Amino acid sequence: MADSIEQVAPAWAVFAPVVLAAFALVGASLNGALIAQANGRPFASGLSAPIDEIVRLMRQRRRTTVSADSLLWRIAGTGLLLVALLMIIPIPIGGWTLADLSIGVVWFNAMDGLVWGVIWLAGWGANSAYSLIGGYRFIAQALSYELPVMFALIAPAVAARSLRMGDVVAAQQDLWFVVWMPVAFLVFCASVVAFSSWGPFGSAAGRDIAGGVFAELSGVDRLIVRAGRYAVLAAGAAFAVAVFLGGGAGPLFPDWVWTLVKTVVLLSLFIIARHRLPAIRPERFAEVAWIIVIPLILLQVLVVAIVMVNR
């Protein structure tokens, strides 16, 4: 296994960003189509929305605010794309992976920690009241995302007796982890959506604060950040496929095909969540996370631990 990974790693290093960009484009197209449908236009008419938006933002003049910290602002703008690329490093697609890390499961948890810094820099660097409020709002809620996703990743690691992604995928040959770890799966997916500041967890970029942390972005800067949000959603979906949905397990088709198909399906569900689920009020989110979600996920980890001890 290690030899085959080593042989394809250079080619996959070039191909992986292309696949991630394709996933992001699929997500943006679906979101555009759902917006068109909500506005009474044909569903198909919104599929080209990402292309139209790219053209519009590429032509838009980049603006800045008074005394903005341009360096931090630019770092934040590209940060989400970089984090998304780092997230997919240990994910096996068939026999391919960028790095077969012995701590692959923990890697995602470390990378989503970088999102804290990226979102905060986007809010701080603009030197704008609404952006700063959005950054503070994200940081205030982020601990409510971080602890649940950490415990959600502990469950499959315990079941596989390993932190290596390949071992986690192999441990699901008989039964996908999502079947007997539904709470961990749902918590992980919700955390991915939350760290992308998306849908019901998008209060850091809410309309009540004029777009919040992304309020002052324009032109190419806004385009890169939007692409980064979709890329983080796609990377999270791909990670969930490997950790909970059996990776490339499936009939007839090669492993890599099933991995890509499952990722697209899960990414589509993340996108749809924005249009089907109500936004969670910021002041209520921490209460739900600490009183309901964390006890449930701890119970899930306990159940998994008991099952593995009995085996």
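Residues numbered from 1 in each chain as written. Predicted model: local features only at pLDDT ≥ 70, side-chain atom pairs only at ≥ 80, totals over all residues. Heavy atoms only, no water.

### Some points on the overall build of the chain
Scanning the chain for helices and strands turns up 11 helices and 0 strands. Counting from the amino terminus, helix and strand elements in the chain follow one another as α-α-α-α-α-α-α-α-α-α-α. With the C-alpha coordinates of the chain rotated into their principal frame, the extents come out at 60 × 45 × 40 Å. Taken across its 311 residues, the chain has 49% of its residues classed as buried. Long-range pairs, those at least 24 residues apart, make up 77% of the contacts in the chain between residues at least 6 apart in sequence. Roughly 14,600 Å² of accessible area belongs to the chain as shown, and the carbon and sulfur atoms make up 69% of that amount. (Helix = DSSP H or I, 4+ residues; strand = E, 2+ residues; numbered from the N terminus. Buried < 20%, exposed > 50% of the residue type's maximum accessible area, 1.4 Å probe, protein only. Contact = heavy atoms within 4.5 Å. Areas by Shrake-Rupley, 256 points an atom, 1.4 Å probe, with all protein chains shown as cover.)

### Considering a nonpolar patch on the surface
A cluster of nonpolar side chains, namely Leu 143, Val 288, Trp 290, Ile 291, Ile 292 and Leu 296, defines an oily patch on the protein surface of about 560 Å² accessible area. Top contributing element to the nonpolar patch by residue count: helix H11 (residues 282-310), with 5 residues. Tracing the backbone shows Leu 296 in helix H11. (Patch = residues over 30% accessible without salt bridge, like charges linked within 9 Å, V, L, I, M, F, W, Y side chains within 5 Å. Salt bridge = Lys/Arg side-chain N within 4 Å of Asp/Glu carboxyl O.)

### Overview of the packing of helix H2 (residues 49-59) against helix H9 (residues 219-244)
As a packed pair, H2 and H9 sit with axes 6 Å apart at the nearest point and diverge in direction by 145 degrees. Between H2 and H9 lies a crossing of left-handed hand. Contacts between H2 and H9 pair Glu 53, Ile 54, Arg 56, Leu 57 and Met 58 from the former with Gly 219, Val 220, Arg 222, Leu 223 and Arg 226 from the latter. Classifying every residue of the contact of H2 with H9 by side-chain character gives 5 nonpolar, 1 polar and 4 charged. (Axes fitted to C-alpha atoms, helices over the stretch in contact; angles between N-to-C directions. Left-handed = near helix turned anticlockwise from the far one by under 90°. Nonpolar A, V, L, I, M, F, W, Y, C, P; charged D, E, K, R; others polar.)

### A look at the confidence of the model for the chain
In this model, the chain carries a mean pLDDT of 84, and residues with pLDDT of at least 70 account for 96%. Ranking the elements of the chain by mean pLDDT puts helix H1 (residues 2-38) last with 73 and helix H7 (residues 177-180) first with 92. (pLDDT = per-residue confidence, 0-100.)

### Digging into the packing of aromatic side chains
The final tally for this structure, using the stated rule, is 14 aromatic pairs. When the centroid spacing of 4.9 Å and the interplanar angle of 65 degrees are considered together, the rings of Trp 120 and Tyr 136 count as edge-to-face. Note that Trp 120 is positioned in helix H4 (residues 104-125) and Tyr 136 in helix H5 (residues 129-160), a separation of 16 residues in sequence. Judged by its relative accessible area of 22%, Trp 120 falls in the partly exposed class. Among the aromatic side chains, those forming a connected cluster through ring pairs are Phe 108, Phe 185, Phe 188, Phe 239 and Phe 244. Residue placement shows Arg 274 over the ring face of Trp 198; its charged tip is 4.6 Å from the ring centre. (Phe/Tyr/Trp six-rings, centres within 6.5 Å; stacked < 30°, edge-to-face > 60°. Lys NZ or Arg CZ within 6 Å of the ring centre and 35° of its normal.)

### Describing the side chain of Asn 109
Within the secondary structure layout, Asn 109 lies in helix H4. Given a relative accessible area of 13%, Asn 109 falls into the buried group. Reaching out from Asn 109, the side chain makes a polar contact with the side chain of Glu 146 at a distance of 2.7 Å. Setting aside its immediate chain neighbours within four residues, Asn 109 contacts Glu 146, Val 149, Met 150 and Leu 153. (Polar contact = N/O pair within 3.5 Å; in protein donor to acceptor, adjacent residues only side chain to side chain.)

### Considering the packing of helix H8 (residues 182-195) against H9
Orientation of H8 relative to H9, taken along the N-to-C sense of each, is 165 degrees, at an axis distance of 9 Å. Taken together, H8 and H9 sit at an angle that is classed as roughly antiparallel. In this structure, H8 crosses over H9, and the sense of that crossing is right-handed. Counting all contacts with H8, which are made through Ala 184, Phe 185, Phe 188, Val 192 and Val 193, the residues of H9 involved are Val 232, Leu 233, Gly 236, Phe 239, Ala 240 and Phe 244. Residues of the contact of H8 with H9, tallied by class, amount to 10 nonpolar, 1 polar and no charged. (Parallel < 35°, antiparallel > 145°, perpendicular 65-115°, else oblique.)

### A short note on H11
With 29 residues, H11 ought to run about 42 Å at 1.5 Å a step, and its terminal C-alpha atoms sit 41 Å apart, in line with that. At Ala 289, H11 is bent by approximately 40 degrees, the largest bend along its length. Phe 285, Ala 289, Ile 294, Ile 297, Gln 300, Val 301, Val 304 and Met 308 are the residues of H11 that are buried. Along its buried surface, H11 packs onto H5, H7 and H8. (Expected span 1.5 Å × (residues − 1). Bend = angle between axes of the 7 residues up to and from the residue.)

### Remarks on the pattern of salt bridges
A full pass over the atoms with the stated rule returns 3 salt bridges. With a shortest N-O distance of 2.8 Å, Arg 164 and Asp 167 are connected by a salt bridge. Among the residues examined, Asp 167 registers a relative accessible area of 30% and is labelled partly exposed. Taken together, the shared-partner salt bridges connect Glu 53, Arg 56 and Arg 226 into one network.

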